[in-house]
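# Residue-level structural notes
In case you want the letters, here they are:
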Amino acid sequence: MRRRALGIGARESELEEIIRVGKRYRQLGLYLFIYYWYSEHGRGIDLRRLWRFYNNIAGHVVHENTIRKQLKLLENKGLIEVKGGKVYPKVHDLEAAVDLFDYKRSRAGQRGA
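Residues numbered from 1 in each chain as written. Predicted model: local features only at pLDDT ≥ 70, side-chain atom pairs only at ≥ 80, totals over all residues. Heavy atoms only, no water.

### A word on the environment of P89
Rules: Helix and strand labels come from DSSP, where a helix needs a run of H or I of at least four residues and a strand needs a run of E of at least two; each type is numbered from the N terminus. For each residue, the accessible area found with a 1.4 Å probe, counting protein chains only, is set against the maximum for its type, and the residue is called buried under 20%, exposed over 50%, and partly exposed in between.
Tracing the sequence through the fold places P89 in strand 3 (residues 86–89). Under the relative-accessibility criterion, P89 is labelled buried at 4%. Between the C-alpha atom of P89 and that of I34, which follows or precedes it by 55 residues, the distance is 6.5 Å.

Shown next as structure tokens:
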């Protein structure tokens, strides 16, 4: 029987979905987590929390510079902005944001192409 998403379970299932997407497409997962954090808490997220999330989806510990590089790429796409050490989503339309990601290229990088 499928679990119904109500109350706290709904938040967990949204976060689980973000983690599932993030394990396959890390940059998209990172953006979705930034968007999720902002929509839940109404404030930007700090680099340390993003680093911990990224370690979770990567399955191993990465350097903080890896996160900074991913954030720079997202900033170049116009999806986020960094102000005062906090990261904020710039685009609030998820469908438009998701269209900016190149899934074929992302998967090719994971295969070692």
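Now that the structure is up, let's keep going.
### Digging into a positive patch on the surface
Heads up, the condition is: Patch rule: a residue counts if its relative accessible area is over 30% and it has no salt bridge; like charges are joined within 9 Å, and nonpolar side chains (Val, Leu, Ile, Met, Phe, Trp, Tyr) within 5 Å. Method for areas: the Shrake-Rupley scheme with a 1.4 Å probe, in which residue coverage is limited to the protein chains shown. When a carboxyl oxygen of Asp or Glu lies within 4 Å of a side-chain nitrogen of Lys or Arg, that pair is called a salt bridge. Positive residues here are Lys and Arg, negative ones are Asp and Glu, while His and the chain termini are left out of the count. By convention, the charge on Lys lies at NZ, on Arg at CZ, on Asp at CG and on Glu at CD.
Taken together, R43, R49, R52 and K86 make up a surface patch of like positive charges. Structurally, the position occupied by K86 is in strand 3.

### A look at the pairing of strand 2 (residues 80–83)
Rule in force here: Pairing between strands is defined by DSSP: at least two bridges between the two strands are required.
The sheet contact formed by strand 2 and strand 3 spans four bridges and is antiparallel. By the bridge assignment for strand 3, K83 is matched with K86. Following strand 2, the chain reverses through two residues before pairing antiparallel with strand 3; G84 in that reversal takes a positive phi of roughly 60°.

### So, the pattern of salt bridges
Using the criterion set out here, one finds four salt bridges in the structure. Residues R68 and E64 are paired through a salt bridge, measuring 3.5 Å at the closest nitrogen-oxygen approach. One end of the pair, R68, and the other, E64, are both in helix 4 (residues 64–76), four residues apart, so they sit about a helical turn from each other. A relative accessible area of 42% places R68 in the partly exposed class. Connected through shared salt-bridge partners, R48, E64 and R68 make up one network.

### A look at the sheet that holds strand 3
The line we're drawing: Contacts are assigned to residue pairs with any non-hydrogen atoms lying within 4.5 Å of each other. All axes are obtained by fitting lines to C-alpha atoms, using only the stretch in contact for helices, and the reported angles, taken between N-to-C directions, cover 0 to 180 degrees.
Taken together, three strands build an open sheet; the order of strands is 1-3-2 and the sheet is antiparallel. A strand with exactly one partner marks an edge of an open sheet, and here the two such strands are strand 1 (45–46) and strand 2. Where helix 4 meets the sheet, its contacts fall on strand 2 and strand 3, and the angle it forms with strand 2 comes to roughly 120°.

### A few points about helix 3 (residues 47–58)
Heads up, the rule is: Given the number of residues in a helix, its expected span is that number minus one, multiplied by 1.5 Å.
Between the first and last C-alpha of helix 3 there are 16 Å, a value that for 12 residues agrees with the 16 Å anticipated at 1.5 Å per step. Considered for burial, the residues of helix 3 that qualify are L47, L50, W51, F53, Y54, N55, I57 and A58. One or two positions beyond helix 3, positive phi appears at G59, with a value near 85°.

### Some remarks on the confidence of the model for the chain
Inclusion rule: One number per residue, pLDDT, summarises how confident the predictor is, and it ranges from 0 to 100.
A residue-level look at the chain finds 81% of positions with pLDDT of 70 or above and a mean pLDDT of 83. Low pLDDT (under 50) marks residues 1–6, which in the prediction has six contacts with non-local residues, meaning those over four places away or in another chain.

### Describing the side chain of Q70
With respect to the helices and strands, the residue Q70 is situated in helix 4. Beyond its immediate sequence surroundings of up to four residues, Q70 is in contact with Q27, L30 and Y54.

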